[in-house]
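# Observations on chain architecture
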Amino acid sequence: MSVWPPEFAQKGTYVAIEGLTQAHCTDLEAASADGDLSRLWYTTVPAPNDVSAEIDRRLGLRVSGSMQPFAILHPVTGQAVGMTTFMNIDAVNKRIEIGSTWYRKSVQRSLMNTECKRILLTHAFETLDCIAVEFRTHFMNHQSRRAIERLGAKLDGVLRAHSVLENGTVRDTAVYSITAPEWPSVKANLDWKLAQPRESNQ
């Protein structure tokens, strides 16, 4: 039986995405080192030496049907600058979460993330016919929460004392979602953001 969703790749103006493989490892090791991202305590980014194992972990979840991992690429150079996924996949109810996303420091706060989310959301709602797409993040990860809210996702609530992190702290998880009836307005807003004059991406 095939795993849902099927393989998917797309190139946009500011970003490209494709299925994650070990061929992306060297680029992603450099991406993790840019900004020393693994030292952030409120999110999980693999250290450079752990990137290969993280790729294998995500590919294993792909086989089991619970995750579809992607490499995020610079559209011109083809260099991998981050990772993202469809995760917590519920094929029966057509619900997915976009998560486990990170970008190298030098491309953060660029239009890459906006267009990447535009591509993934379009695929989820218009090709996969999802009824809802979730986003989850640490309650204290204010940068991530602002980015999710700028997409147009609404806060469903906070799962208090939801999980224990590697450093022993307890994570409160902020849960957001976009539902299918909301997608046309969210899409229009993302298109408007992408059309605004702005300095070019790195």
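Every value quoted in this text rests on a predicted model; they were computed, and no experiment measured them.

Judged by side-chain charge, K105, R109, R146 and R150 come together as a positively charged surface patch. Within the secondary structure layout, R146 lies in helix α4 (residues 142-151). Using a relative accessible area of 42% as the deciding quantity, one classes R146 as partly exposed.

A word on unusual backbone geometry. Going from W4 to P5, the amide bond is cis rather than trans, its omega being 0°. If you trace the backbone, P5 turns up in the segment before β1 (10-11). Of note, K94 is a non-glycine position whose phi angle comes to about 55°, a positive value. Relative to the helices and strands, K94 resides in the loop between β4 (80-90) and β5 (95-103).

Across all of its chains, the model carries nine salt bridges by this definition. A salt bridge links E54 to R57; the shortest N-O distance between them is 2.9 Å. On the criterion of helical spacing, the pair formed by E54 and R57 is a turn pair, its members being three residues apart in helix α2 (residues 51-64). Accessibility expressed as a relative area gives 14% for E54, which makes it buried. For E54, the salt bridge goes to R58, with nearest N and O atoms at 2.7 Å. Here E54 pairs with R58, and both are found in helix α2, just four residues apart, close to one helical turn. Side by side, E54 and R58 carry an identical accessibility label, which is buried. Here the residues in one salt-bridge network are E54, R57 and R58, joined through shared partners.

Counted according to the given criterion, the structure contains three aromatic pairs. Here F8 and F70 contribute two aromatic rings whose centre-to-centre distance is 6.2 Å and whose plane-to-plane angle is 90°, an arrangement assigned as edge-to-face. Placement of F8 in the segment before β1 and of F70 in strand β3 (residues 67-73) is noted, with a sequence separation of 62 residues between them. Take F8: its relative accessible area is 11%, and that puts it in the buried class. The buried category is assigned to F70, whose relative accessible area is 0%. When the ring of F70 is compared with that of F86, the centres are 5.5 Å apart and the planes differ by 90°; the resulting orientation is edge-to-face.

Regular strands have side chains that alternate between both faces of the sheet. Burial of strand β8 (residues 170-179) is extensive: seven of the 10 residues sit out of reach of the surface. In this structure, strand β6 (residues 132-138) lies alongside β8, joined through seven bridges in antiparallel fashion. If you follow E134 over to β8, its bridge partner there is S177. In this sheet, β8 lies alongside strand β7 (residues 154-164) in antiparallel orientation, the contact comprising seven bridges. For K154, the partnering residue across the bridge sits in β8 and is S177. Between β7 and β8, which pair antiparallel in sequence order, lie five residues; one of them, G168, sits at a positive phi of approximately 90°.

About the thresholds
Residues numbered from 1 in each chain as written. Predicted model: local features only at pLDDT ≥ 70, side-chain atom pairs only at ≥ 80, totals over all residues. Heavy atoms only, no water. Patch = residues over 30% accessible without salt bridge, like charges linked within 9 Å, V, L, I, M, F, W, Y side chains within 5 Å. Areas by Shrake-Rupley, 256 points an atom, 1.4 Å probe, with all protein chains shown as cover. Salt bridge = Lys/Arg side-chain N within 4 Å of Asp/Glu carboxyl O. Lys, Arg positive; Asp, Glu negative; His and termini not counted. Charge placed at Lys NZ, Arg CZ, Asp CG, Glu CD. Helix = DSSP H or I, 4+ residues; strand = E, 2+ residues; numbered from the N terminus. Buried < 20%, exposed > 50% of the residue type's maximum accessible area, 1.4 Å probe, protein only. Phe/Tyr/Trp six-rings, centres within 6.5 Å; stacked < 30°, edge-to-face > 60°. Pairing = 2+ DSSP bridges.

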